[in-house]
Amino acid sequence: MTTADWAGELSAGADPDLVERVLRLAAAPWVHPERLRGAVEANLDRPCVRVEDVIAGLEAAGDARSRPLPRRAQVREVALALLRHGARMAIVGQPGYPRRLADAWPELGAPLWLFLRAPEARLPAAAAVAVVGTRHPTVDGAQTAVALGRLLARHGVTVVSGMARGIDQAAHRGALQAGGATVAVLGTGFGVDYPAGDETVREAVADAGGLVSELPPGCGPKPQHFIWRNRLISGLADVTVVVQGRVRSGALHTARLAAAQGREVMAVPGSVNDPASRAPLDLIRDGATPLTRLSDVLDIVGVVDAQRGGMQDGPATPGNTLTARLSADASDLLTLIGAVPAAPGALARAAQRPVTTILAAVAELETAGLVRTTPRGPVLA
Amino acid sequence: MAVVGLQAVAVTVEAHVAGGLPGFSVIGSWGLAAGQAADRVRTALATVGVAMPGRKVLISLAPADLPKAGARFDLAMAAAILLELGVVEQAALDGVALLGELALDGEVRPVPGVLPSAAALSATGVHRLAVADANAAEAALAGGPEVVPVRHLAELLAVLRKEQAPRPAPAGDNDVAAATVPAAGPDLADVRGQAEARRALEVAAAGGHHLLLLGPPGCGKSMLARRLPGILPPLTDDQALEVAGVRSVAGLLGDPVRLERRPPLCSPHHTMSAAALFGGGTGVARPGQLSLAHHGVLFLDELFEWPRGVIEALRQPLEDGVICVARSRATVTYPARVQLVCAANPCPCGGGDRCSCSDDAVWAYRSRLSGPLADRLDLAPAVEPLSAGDLLSAQAGESSAAVAARVASARAVARDRWGQAVTCNAVAPARLVRQSVRPAALRTLANAVEAGALTGRGYDRALRVARTCADLEGSQMVGTDHVLEAYAHRLGLRQQPTAAASAVGPAVAVAQW
């Protein structure tokens, strides 16, 4: 495979020479986003920042270092590895580079290059909303993220998030359930199983929207990767919604980046007593738009909500085909079980039924997949 | 009688008194107390006028390879010497067993382990058993040989020489009816609310299932556990004897006027050593808390604070109903058929309303319960923190007597079905249990196994619990509702969200991709 071959496949429509030069930078471990920002800032006093100048600046920095940029053979290996993982490279200013990110070039954190794995090598062009939050959500938080993902996807809005366990994955899953588009920005390179064991979701997202990473293939997770990643999440979306997060949460960082990039920031208000709602509440105090009903987000992105249902749109209302097979007790109980877990004893009091009936109904709903067990009791799945 | 574990073996004591170098030696696998026994016996004999100056005394304990310990053979040694010296006749000692320690003034003192010894004697052709006054009631409980209480060596001598009629032993009160009057103990009526936990406790009592109570501190987990013996059926004659036997060997029986019919409850603390829990000690192991809870309830509070190794070691005795403890002089098997009741906080912070632990943190905490142990537990109800309303409500819970009546009738149904060999549903063979389950109910549970929500072992255990639920209701066959209830009782034993549950979304949606 000649350079022109793999460069053409990796980044169709771009100059093979440029592709090779950029990939050479991308493959060098020391050319990380902060260094890239430095190279951009060095050019800011010029009338316009040219991609060529930034690349040249980085190459010059590489020549001055003891560990220079990779050789051509190594660059070729990286290119072949990317192709093996089904990934393509998008360079700013070239075809395939996401429009919204291009708006953030050069000084608002958009990267010079991007690896992406998406249907037809392009991220969805429709309106996009980032749904972000803690890795340790409460059940209610996860439910909200799923419901948001579902609602957005149903209205043709792309759901962007970071593939982390918790709120991120809940949002992806909501979008997947509704059969919509969702994009994940990874904190690792392609070909790394992270979060470990979640390959199914990753593959599903790759098919339903796309996976994005700016790290070379095989690059493992490091704390700073996730900080760097945040500017891509906010940059790929028109609106960033923070569902839950604790003090000094990564979601807070994403929201601040979004604000800096001139994007809308929304936050899901929670209880002041709930540590998991600290970040969204702080954001609201600082001027973020509170999400008082799920459909608020549709107003902001300018999509008309077909059936304005407010929060009722939240937890899944199981289809009739499913409930038809349930016993009467189980159907009754389904109306009592909410997003906040309750012990069978409490449910029995609320339903004024014997606890044995409740236990049997909980088990029935659980085995039917309508209710799931948390350590604190059953909640709606 | 030597006692190794609960196994009592008759020991024949022979004495030989002859001229020669003066001395007193004991042969036959004799422990450290040998020299001390010699001095006690010699001095005590002197008080009844039998002095042995300048004679060589040789005592032999047979069988010689059996480990023997303690002062229990003092009385028998004295009698053997009296026989050898011709003070009493051979006929007077035929078929007579003696158990007791001698004081220097000739008084007879009680020894531990009299009950299992007396019980074992019935089979050996011994018709009379001489024991200290304080042991007489205990020995009589066994219903074995005629018990002859002796207060002093002189009294023994008088009885053996027929100069005095033996005093009657205190009558053992073996009447079951007397024991079914509500024994003084905590009552379930004190427990307000807790519908789920009460139900689980009832099912556990009716089927002999193991229980894990999950709840924040102060919500009443120990309170519930301590009320379990009160709703369990009273011990049968054999069970009561076994329980008293273990206590006797442990030296804890005291002076019983009647056999205790209430199942025992042991609640060891989690700092307890493995030896104290499983049995141990030098030479020959003594029974631990596990065996003291035989036929009763072993309550492990703060389950997650127990050392992992100790909890894992519980698995084997829970399966086998016995615990085998090896020590230098003997390997002893003690009975350990216990009903396990564990209690634990539901999450790392203790739980309750102010809990802010994330689900992940709680799952991580729950995984301290090892899978294999979780597979051996059956019910894990949530014990809820009491609401102010519950505390103020004047309405007391159902009383222990009412619950015990239902438990008793469920147990009776089970006994009729299984016969004598199977004491409760928890130990019923899985094959037999399945025969009385409706096919639809079996399928429901099999689906759960297929979905990864239940292990194979959990499947059989859930079926047994379902069998108990059906028995409580008086149903011949186990229906879907019973199986579902049993399944729900196991939900608290989960250590991680199952494959289906971990996807935030209904299983149907997950199946799409």
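Above this note sits the structure.
Here is what the cut-offs are and how they apply
- Within each chain, residue numbers correspond to sequence positions counted from 1 in written order.
- Going through the entries in the order they are written, you letter the chains from A and number the ligands from 1.
- Only residues with pLDDT of at least 70 are given local features in this predicted model, and only at 80 or more are side-chain atom pairs given and counted; all residues enter the totals for whole chains, interfaces and linings.
- Helix and strand definitions here come from DSSP, where helices need a minimum of 4 consecutive H or I residues and strands a minimum of 2 consecutive E residues; each element is numbered from the N-terminal end.
- What counts as a contact here is a pair of residues whose C-beta atoms, placed from the backbone, lie within 7 Å.
- With C-beta atoms placed from the backbone, the exposure class of a residue follows from how many other C-beta atoms lie within 10 Å of its own: 20 or more, buried; 12 or fewer, exposed; in between, partly exposed.
- Two strands form a pair only when DSSP identifies at least two bridges running between them.
- Geometry is summarised by axes, namely lines fitted to C-alpha atoms with helices restricted to the contacting stretch, and by angles between N-to-C directions that run from 0 to 180 degrees.
- Under this scheme an angle from 65 to 115 degrees is roughly perpendicular, one under 35 degrees roughly parallel, and one over 145 degrees roughly antiparallel; angles in between are oblique.
- Each crossing gets its hand from how the near helix is turned against the far one by less than a right angle, where anticlockwise is left-handed and clockwise is right-handed.
- Note on residue classes: Ala, Val, Leu, Ile, Met, Phe, Trp, Tyr, Cys and Pro are nonpolar, Asp, Glu, Lys and Arg are charged, and everything else, Gly too, is polar.

Student: Please clarify how the overall build of chain B should be interpreted in this entry.
Tutor: Check the secondary structure of chain B and you find 25 helices and 16 strands. Contacts spanning at least 24 positions in sequence make up 77% of the contacts within chain B whose residues lie at least 6 apart.

Student: Quick question: what am I supposed to make of the pairing of strand E1 (residues 88-91) of chain A here?
Tutor: Regular strands place their side chains on alternate faces of the sheet. Residue and element names in this part refer to chain A. Of the two faces of E1, the one holding Arg88 and Ala90 and the one holding Met89 and Ile91 are both buried throughout. Where E1 lies against strand E2 (residues 113-117), four bridges are found, and the strand directions are antiparallel. By the bridge assignment, isoleucine 91 is partnered in E2 with tryptophan 113.

Student: How do you make sense of the sheet that holds strand E5 (residues 56-62) of chain B when you look at a structure like this?
Tutor: All names here are of chain B. Ordered in space as E3-E5-E4, the three strands form an open sheet in which the pairing is mixed. Each having just a single partner strand, strand E3 (12-18) and strand E4 (23-27) make up the two edges of the open sheet. Looking at each pair of strands side by side, their axes are set apart by 15° on average, direction ignored. In this structure, E4 lies alongside E5, joined through five bridges in parallel fashion. If you follow phenylalanine 24 over to E5, its bridge partner there is valine 57. Packing of helix H2 (residues 74-84) onto the sheet brings it into contact with E3 and E5, and relative to E3 it is tilted by some 45°.

Student: What should I look at first to understand the pairing of E5 of chain B in this one?
Tutor: All names here are of chain B. Burial of E5 is one-sided: the residues Val57, Ile59 and Leu61 facing one way are buried, the residues Lys56, Leu58, Ser60 and Ala62 facing the other way are not. Pairing analysis gives seven bridges linking E3 to E5, with the strands arranged antiparallel. Residue pairing across strands places alanine 18 opposite lysine 56, the latter belonging to E5.

Student: How should the packing of helix H11 (residues 250-260) of chain A against helix H12 (residues 278-285) of chain A be read in this particular structure?
Tutor: Describing two packed helices takes the angle between their axes plus the distance from one axis to the other. All names here are of chain A. Between H11 and H12, the least distance of the axes is 9 Å, while the angle of their chain directions is 25°. On the basis of the axis angle, H11 is roughly parallel to H12. Every pair of crossing elements has a handedness; the one defined by H11 and H12 is right-handed. When H11 is examined against H12, the residues Ala251, Leu252 and Ala255 are found in contact with a partner set consisting of Ala279, Asp282 and Leu283.

Student: Just checking my understanding: could you explain the sheet that holds strand E5 (residues 182-185) of chain A for this structure?
Tutor: Hydrogen bonds between backbone atoms are what pair the strands of a sheet, whose relative direction is either parallel or antiparallel. Residues and elements named next belong to chain A. Sheet architecture is open: nine strands sit in the order E1-E2-E6-E5-E4-E3-E7-E8-E9, paired in mixed fashion. A strand with exactly one partner marks an edge of an open sheet, and here the two such strands are E1 and strand E9 (289-290). Along the sheet face, H12 touches strand E7 (239-242), strand E8 (264-267) and E9 and points at about 130° away from the line of E8.

Student: Got a minute to help me understand the interface of chain B and chain A in this structure?
Tutor: How large an interface is tends to be reported as the accessible area lost when its parts come together. The interface of chain B with chain A comprises 39 residues on the first partner and 34 residues on the second. Secondary-structure elements contributing two or more residues to the side of chain B that touches chain A are helix H8 (195-207), helix H16 (359-366), helix H21 (439-450), helix H23 (480-490), helix H24 (499-502) and helix H25 (507-512) of chain B. Taken together, the residues of the side of chain B that touches chain A sort by class into 22 nonpolar, eight polar and nine charged.

Student: Would you mind showing me how to read the environment of arginine 135 of chain A here?
Tutor: Residue and element names in this part refer to chain A. With respect to the helices and strands, arginine 135 occurs in the loop between strand E3 (128-132) and helix H7 (139-154). Judged by local crowding, arginine 135 falls into the buried class, with 20 C-beta atoms found within 10 Å. Spatially, the C-alpha atoms of arginine 135 and arginine 165 are 5.3 Å apart, while their sequence positions differ by 30 residues. With residues up to four places along the chain from it excluded, the contact list for arginine 135 reads Ala164, Arg165 and Gly166.

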